[in-house]
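Listed below are the residues making up each chain.
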Amino acid sequence: MTDSVLNARADARARGGQTSDWMPYLPASSSPYRPAGSEALTWAETVAPGGYTHKVLARGTRIRFDDPTGDACAHVIVYNALEPVERLNVADTVKIPWQAYLGAGHPLLSGDGRVLATIVEDTSGHHDAFCGTSTEAWNQQKYGDARPEGPSPAGRSLFVKAAAKHGLTPRDLPPSVSFFQGIQVDADGTFVWQGSAGEGTSVELLAELPLLILVANVPHPLDPRPEYAAGPLRVHAWRTAPTGPDDDRFHATPEAHRAYLNTIDYAEARGL
Amino acid sequence: MTSSVPVGATSAPGSPLDWSEPLVPGEVVLDERVAPNASWSAVVRAGHVLTIVDVGGNQSGDCLIYNAADTEERYSVPDTLAWQGNAYVRTGTVLRSNLGNPLMTVVGNEIDRQDTIGGACSKESNTLRYGHHVMFHHGCRENFLSEGQKHGLGLRDLVSNLNWFMNVPVEADGALGIVDGMSAPGKRVAVRPDTDVLVLVSNCPQMNNPCNDFNPTPLRMIVVRP
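For clarity, every value in this text was computed on a predicted model and none was experimentally measured. Within each chain, residue numbers correspond to sequence positions counted from 1 in written order. Labels follow written order: the first chain is A, the first ligand is 1, and so on. Only residues with pLDDT of 70 or above have their local features reported here, since the model is predicted, and side-chain atom pairs are shown and tallied only from 80 upward, although totals for entire chains, interfaces and linings are computed over all residues. In computing side-chain values, all of the structure's heavy atoms are included and hydrogens and water are not.

(A) Up close: the overall build of chain A. Looking only at helices and strands, one finds five helices and 13 strands in chain A. Overall, chain A is about 70 × 45 × 35 Å in size when its C-alpha atoms are taken along their principal axes. The cut-offs for exposure are 20% and 50% of the maximum accessible area for each residue type, with area from a 1.4 Å probe on protein chains only; residues under the lower value are buried, those over the upper are exposed, and the others partly exposed. Within chain A, buried positions represent 58% of all 272 residues. A sequence separation of at least 24 residues applies to 71% of the contacts in chain A between residues at least 6 apart. Looking at chain A as shown, the accessible area adds up to about 10800 Å², and 51% of this sits on carbon and sulfur atoms. Going along the chain from the N terminus, every DSSP run of H or I of four or more residues is numbered as a helix, and every run of E of two or more is numbered as a strand. Two residues form a contact once any of their heavy atoms are found within 4.5 Å. Only the protein chains shown count as cover for residues, with accessible areas throughout obtained via the Shrake-Rupley method and a probe of 1.4 Å.

Next up, the structure:
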């Protein structure tokens with residue numbers, strides 16, 4: 001009964017306390033899916049298929065993505081939360097480590113010679129730094145529908161909205177990377193679909209600077225399945241320490257070493 | 001003029017140069033030379049054809065493309081690659097925007113493949129790749145900023161780019177890097193806009209890898225109306 005303000009209020013309040021398959025968990029420590037080994041959680045959420053999320057995270061935050069069904073695809077853009085003009089640069093991210101395929105130890109580099117986040121754990125190994133996310137034009141021709149509010153939203157449409165909620169515009173959307181659905185490049189450059197490594201894999205990122213992260217959970221553009229095949233994506237985060245001289249990865253390669261030096265130089269100058 | 005400014009290297013004396021000619025015949029509407037280390041930009045009209053000449057051979061021309069009517073729509077490496085299902089740029093490649101729309105089409109190409117994976121060099125990334133002692137070197141990102149600001153473009157508008165005449169293979173294990181080029185003096189690529197486009201080019205000044213054969217040479221930009 002919603003025929004009066006008091007009744008409408010009672011009706012609305014009676015809706016509280018319920019759960020759904022995709023929702024943020026507050027406080028984060030109440031997550032029913034708390035990862036083993038995590039510290040006090042600062043972010044816990046299940047992102048719906050075709051959904052998105054975004055968060056500003058402290059330096060040193062560890063972010064874990066879980067793909068419980070094998071059908072998640074986490075498209076990710078990261079920014080320096082203090083100066084979002086510093087953002088993921090996919091070309092530098094593959095060129096500077098001399099490696100196109102993302103995996104544990106791979107830095108996500110900005111265009112400013114710093115590490116925004118490091119991939120610190122990876123049980124999937126099926127990822128992509130070539131194809132970016134889907135556009136409305138792509139989904140229209142593939143699924144016949146690309147409405148952001150419809151059954152087959154494009155990753156870019158979700159990034160546009162996530163970015164807007166931090167005062168950013170489409171100019172601020174660089175190419176993204178994606179996790180949990182892989183492609184490989186054959187000898188003549190052709191992309192070979194690798195797809196998922198199966199259900200139950202995870203990827204963990206470590207925020208090396210104060211981080212704005214945008215996540216769109218939509219099918220990889222080259223997913224050969226005709227249906228909009230997407231599964232839930234779980235996200236958990238907790239506070240740890242950023243990469244420093246005591247970590248093996250700080251010294252792993254000369255390029256990564258100088259990237260971490262640049263990152264720490266920035267952080268210390270800013271008093272972080 | 002004498003100066004103590006360390007402006008970087010330029011062509012070795014006596015470097016062979018071949019200025020060539022348009023790859024597609026037509027009435028020449030623009031014909032400009034881009035000095036080593038310099039930047040260039042122009043609006044190229046739909047239906048015209050831009051020929052880029054690698055005058056000295058293996059000189060990377062880093063390139064960004066924008067819809068001239070709305071620069072928020074710009075070249076997108078992932079869209080270009082995903083739509084064609086291949087990591088390299090060759091004749092027939094449609095250079096797509098961040099909306100998935102065709103911006104330009106490669107209509108002629110005289111080397112095996114063109115790069116769009118390797119991105120642009122910068123003062124900042126040079127410190128990772130080669131050390132902090134090269135921070136003072138010039139870079140393509142510097143050129144893109146200087147040239148872009150003439151059109152109201154800034155750092156937010158710099159995205160992953162094309163590298164004409166640069167060679168970046170991806171090996172079976174994912175190893176990737178800039179290696180010796182496959183071009184030569186006078187080799188050309190021709191691109192035809194599908195809509196009016198703003199083209200930014202940085203004649204790559206990098207002196208720490210083979211993207212310009214360690215010998216920065218000029219580029220020639222020719223626009224014809226076929």
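(B) Representation of the side chain of Asn203(B) in the model. Residue and element names in this part refer to chain B. On the secondary structure map, asparagine 203 appears in strand E9 (residues 197-203). For this analysis, a polar contact is any N or O atom pair within 3.5 Å, provided that within protein one partner can donate a hydrogen and the other can accept it, and provided that sequence-adjacent residues contribute only side-chain to side-chain pairs. Within polar-contact distance, the side chain of asparagine 203 engages the backbone oxygen of alanine 35 at 3.1 Å. Separated by 3.0 Å, the side chain of asparagine 203 and the backbone oxygen of threonine 217 make a polar contact. Setting aside anything within four residues of it in sequence, one finds asparagine 203 in contact with Val34, Ala35, Pro36, Asn37, Ala38, Gln59, Ser60, Asn143, Thr217, Pro218 and Leu219.

(C) A look at empty space enclosed by the protein. Only protein atoms enter the 1 Å grid used here. Points where a 1.4 Å probe fits but cannot escape make up a cavity, open sets with protein on both sides within 12 Å along at least five of seven lines make up a pocket, and a residue lines them when an atom lies within 4 Å of a point. Grid points are joined across faces, edges and corners, and a volume is the space filled by probe spheres set on the points. Per the stated rule, a full pass over the model turns up five cavities of 30 Å³ or more. By volume, the largest cavity amounts to about 280 Å³. Forming the boundary of the largest cavity are 23 residues, of which Asn89(A), Gly111(A), Arg141(B), Leu158(B) and Val159(B) lie nearest the centre. Those elements that place two or more of their residues in the lining of the largest cavity are helix H2 (90-95) of chain A together with helix H3 (140-148) of chain B. Of the pockets and cavities examined, the second largest cavity occupies roughly 190 Å³. Among the elements of the structure, helix H4 (155-164) of chain A together with helix H1 (77-84) of chain B are those that each provide at least two residues to the lining of the second largest cavity. Throughout, the ten residues Ala, Val, Leu, Ile, Met, Phe, Trp, Tyr, Cys and Pro are labelled nonpolar, Asp, Glu, Lys and Arg are labelled charged, and all others, Gly among them, are labelled polar. Broken down by class, the residue content of the lining of the second largest cavity amounts to eight nonpolar, seven polar and three charged.

(D) Broad picture of the nonpolar core. Grouping buried Ala, Val, Leu, Ile, Met, Phe, Trp, Tyr and Cys residues that are joined through side-chain atoms within 4.5 Å yields what is termed a nonpolar core. One finds Phe65(A), Phe130(A), Phe179(A), Leu205(A), Leu95(B) and Trp164(B) to be the most contacted residues of the largest nonpolar core, which totals 107 residues. If you look at the next biggest cluster of nonpolar residues, it comprises nine residues, including Ile96(A), Leu109(A), Phe250(A) and Ala256(A).

(E) Local environment of the sheet that holds strand E2 (residues 39-44) of chain B. All names here are of chain B. Read from one edge of the open sheet, four strands run E2-E9-E4-E7, paired in antiparallel fashion. The sheet is open, and its two borders are formed by E2 and strand E7 (162-164), each paired with just one other strand. Between one strand and the next, the sheet's axes are offset by a mean angle of 25 degrees, whatever the strand orientation. Paired strands, in this sense, are two strands between which DSSP finds at least two bridges. With three bridges joining them, strand E4 (residues 61-67) and E7 adopt antiparallel strand pairing. Following the sheet pairing, aspartate 62 is matched in E7 by asparagine 163. Taken strand by strand, H3 contacts E2, E4 and E9, and its axis lies near 140 degrees from that of E9. Axis geometry follows a simple rule: fit a line to the C-alpha atoms, using only the stretch in contact for helices, then measure angles between N-to-C directions, giving values from 0 to 180 degrees.

(F) Inspection of the sheet that holds strand E6 (residues 115-122) of chain A at higher detail. All names here are of chain A. Strand order across the open sheet formed by six strands is E1-E13-E3-E11-E6-E5, with antiparallel pairing between neighbours. In the strand order of this sheet, the two ends are held by strand E1 (41-47) and strand E5 (107-109), each with one partner. Within this sheet the neighbouring strands show an average axis-to-axis angle of 20 degrees, counted without direction. In the sheet, E5 pairs with E6 via three bridges, with the strands oriented antiparallel. Paired with leucine 108 across the bridge in E6 is alanine 117.

(G) Region of interest: unusual backbone geometry. With an omega dihedral of -10 degrees, the bond running from Leu26(A) to Pro27(A) counts as a cis peptide bond. Considering the arrangement of structural elements, one finds Pro27(A) in the loop between helix H1 (5-13) and E1. Despite not being glycine, Phe180(A) has its phi angle at roughly 90 degrees, a positive value. Looking at the element boundaries, Phe180(A) is found in the loop between strand E8 (177-179) and strand E9 (182-185). A relative accessible area of 1% means that Phe180(A) is categorised as buried. Located in the positive-phi region is Asp213(B), a residue other than glycine, with phi close to 60 degrees. Position of Asp213(B) among the secondary structure elements: in the loop between E9 and strand E10 (219-225). Taking relative accessible area as the criterion, Asp213(B) reaches 45% and is therefore assigned partly exposed.

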